[in-house]
Amino acid sequence: MGSSEMGKDSNFTDEERKSEMDIIEKNENSNKKTRRRKRSSIFPRFACMRLDDEVSVVETPSGECSFDVEASQNGHAPPPPHLVVMVNGLIGSADDWKYAAKQFVKAYSRDVIVHCSDSNCSTLTFDGVDIMGTRLAEEVLSVIKQHPHLQKISFVCHSLGGLVSRYAIAKLYEQGSARRACGEEMECSLNGSTNLCVEEVSKRKIAGLEPMNFITCATPHLGCRGHKQAPAFCGLYTLEKVASSSSWLLGRSGRHLFLKDCDEGKPPLLLRMASDSEDLPFISALQSFKRRVAYANTSFDYLVGWSTSSLRRRNELPKCRNLKKGDKYPHIVNVDEATSVSNQEETPTEAKINGRKSNEMEGNELLL
């Protein structure tokens, strides 16, 4: 009798415990939702800090170390049409972009699939811009084959990865033409007919996809040989000269960065990449992207100077006290719209190589 009553009491106690645990769990979930709402209300104006924890992100291996990041598809939703390729810098790896890739997918879950490149990681980044660019181009083609639904492509690159990507897109560049109707009835200049006007439109593709965004972050577009291009040398010519003569420590990449390469009597690779050369259409490939953005650190970057990463001469850099903060992104200052430079204003390549002033060398790169 007593034992049966004890059993009932113990069962009742277990049920009470379960109900209490359920109540506690519900309270914790509601508290999490409340904190999430508070966080989003605190940062509503920072679009770059958008918090969307409800999006489930899937990370799929794509190679030995590379991986693709995309939102998990629910039901019969169409796959994302936009490929974003993220490229690491010197001695970097695909893991450098893991967090950023997930944030991209959370912000644009229906639009993008992000591929974090691994074809040039660790010591492979010493092999030179051309070899690394060729490897990246082959990697991009293999990724596109795995996702035949893709329609657009963008690149987000860090440091040396920006130069590698510029070489890769030149390898992947395709140019064709197509005819489309203007939508206006007018007399055709060819046959005098009054049919709808048809115009010839140049169609430029990167690996068969529509090029959208090409973004570099702290990329030494002008190399590291010029005066004060690497702030770590404190603007001392002696240190800069020692660093230039020691560029071999970084392999062929070091020679490219310090413009010490003269393969087969050709100009340094970075100078050749400043225009469409006989080998590859470097500038045409870059111009095919709808948006081209170069982010440069104004301070605290001791390896890549403000001038080389923003493609400007030293005397063109604005004064720090005059920097204007953006309304949308307060940590982005001094947004400048690029102005194109005609080929007629370009200084001959020989003068840039033999000239001692770094400004002459930098002028060619400003064509970007």
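Everything numeric in this text was worked out from a predicted model, so none of it was measured. (Residues numbered from 1 in each chain as written. Predicted model: local features only at pLDDT ≥ 70, side-chain atom pairs only at ≥ 80, totals over all residues. Heavy atoms only, no water.)

Participant: Go over the side chain of His147, please, and point to the residues and values.
Facilitator: Checked against the element boundaries, His147 lands in the loop between helix H3 (129-146) and strand E5 (152-158). Residues contacting His147, with those up to four places away along its chain left out, are Asp68, Glu70 and Ile113. (Helix = DSSP H or I, 4+ residues; strand = E, 2+ residues; numbered from the N terminus. Contact = heavy atoms within 4.5 Å.)

Participant: Go over unusual backbone geometry, please, and point to the residues and values.
Facilitator: One non-glycine residue with positive phi stands out, namely Leu259, at about 55°. If you trace the backbone, Leu259 turns up in the loop between helix H6 (251-257) and helix H7 (269-272). With a phi angle near 55°, Leu311 is a residue other than glycine that sits in the positive phi range. Mapped onto the secondary structure, Leu311 falls in the loop between helix H9 (306-310) and helix H10 (349-354). Residue Leu311 is classed as buried on the basis of its relative accessible area, which comes to 13%. (Buried < 20%, exposed > 50% of the residue type's maximum accessible area, 1.4 Å probe, protein only.)

Participant: Let's hear about empty space enclosed by the protein: which residues, and what values?
Facilitator: Within the structure shown, the criterion is met by 1 cavity of 30 Å³ or more. Considering the residues around the largest cavity, the lining is formed by Val87, Asn88, Gly89, Leu90, Asn120, Thr125, Met132, Leu160, Gly161 and Val164. At 3 residues, the largest contribution of residues to the lining of the largest cavity is made by helix H4 (residues 160-172). For the lining of the largest cavity, a count of residues per class yields 5 nonpolar, 5 polar and no charged. (1 Å grid on protein atoms, 1.4 Å probe; cavity = no way out; pocket = protein on both sides within 12 Å on 5 of 7 lines; lining within 4 Å. Points joined across faces, edges and corners; volume = space filled by probe spheres on them. Nonpolar A, V, L, I, M, F, W, Y, C, P; charged D, E, K, R; others polar.)

Participant: Give me the lowdown on the nonpolar core, citing residues and values where you can.
Facilitator: A general feature of soluble globular proteins is that nonpolar side chains tend to end up buried together. Within the largest apolar cluster, 42 residues are counted, with the highest numbers of intra-cluster contacts made by Leu83, Val85, Val140, Ile153, Phe155, Ile169 and Ile206. Looking at this core, the elements with two or more residues in it are strand E3 (82-87), H3, E5, H4, H7 and helix H8 (282-287). Considering every element that reaches this core, the biggest residue donor is H4, with 8 residues. Those residues in contact with Ile169, other than ones at most four positions away along the chain, are Phe155, Ile206, Phe214, Ala285, Leu286 and Phe289. If you look at the next biggest cluster of nonpolar residues, it comprises 14 residues, including Val55, Met86, Trp97 and Ala101. (Core = buried A, V, L, I, M, F, W, Y, C linked by side-chain atoms within 4.5 Å.)

Participant: Mind laying out the pattern of salt bridges, listing which residues take part and the relevant values?
Facilitator: When charged atoms on two side chains of opposite charge get close, those side chains can pair. Applying the stated rule across the entire model yields 6 salt bridges. Salt-bridge contacts for Asp130 lead to Arg252; the nearest nitrogen and oxygen are separated by 2.8 Å. Separated by 122 residues along the polypeptide, Asp130 in helix H3 and Arg252 in helix H6 bring together distant segments of the chain. A residue is classified by how much of its surface remains accessible, and Asp130, at 17% relative accessible area, is buried. Given a relative accessible area of 29%, Arg252 falls into the partly exposed group. Ionic pairing is found between Asp279 and Arg272, a salt bridge with its closest N-O pair at 3.9 Å. With relative accessibility at 16%, the residue Arg272 sits in the buried group. Each of Lys266, Arg272 and Asp279 takes part in a single network of salt bridges with overlapping partners. (Salt bridge = Lys/Arg side-chain N within 4 Å of Asp/Glu carboxyl O.)

Participant: Requested: an account of the pairing of strand E8 (residues 210-217), with residues and values cited.
Facilitator: With respect to burial, E8 is a largely interior element, 6 of its 8 residues being buried. Bridge count between E5 and E8: 6 bridges; the pairing is parallel. Residue pairing for E8: Lys152 is matched across the bridge by Glu210. Across 5 bridges, E8 lies against strand E9 (residues 291-295) in parallel orientation. Bridging across to E9, Cys217 finds its partner in Tyr295. (Pairing = 2+ DSSP bridges.)

Participant: Break down the packing of H3 against H4 for me, citing the residues and quoting the values.
Facilitator: Remark: H3 packs on H4, axes separated minimally by 7 Å, with the N-to-C direction vectors making an angle of 60°. On the basis of their axis angle, the class for H3 and H4 is oblique. In the packing of H3 onto H4, the handedness of the crossing is right-handed. Seen from H3, the contacting residues are Val129, Asp130, Met132, Gly133, Thr134, Leu136, Ala137, Val140 and Leu141; seen from H4, they are Leu160, Leu163, Val164, Ser165, Tyr167, Ala168, Lys171 and Leu172. Of the residues that constitute the contact of H3 with H4, the class distribution is 12 nonpolar, 3 polar and 2 charged. (Axes fitted to C-alpha atoms, helices over the stretch in contact; angles between N-to-C directions. Parallel < 35°, antiparallel > 145°, perpendicular 65-115°, else oblique. Left-handed = near helix turned anticlockwise from the far one by under 90°.)

Participant: An account of the environment of Pro220 is needed here, citing residue identities and associated values.
Facilitator: When you line up the elements, Pro220 lands in the loop between E8 and helix H5 (237-245). Classification of Pro220 by relative accessible area gives buried; the value is 3%. Along the primary structure Pro220 and Ser159 are separated by 61 residues, whereas in three dimensions their C-alpha atoms are 6.5 Å apart. Aside from chain neighbours lying at most four places away, what touches Pro220 is Ser159, Leu160, Leu163, Leu257, Leu270, Val304 and Thr308.

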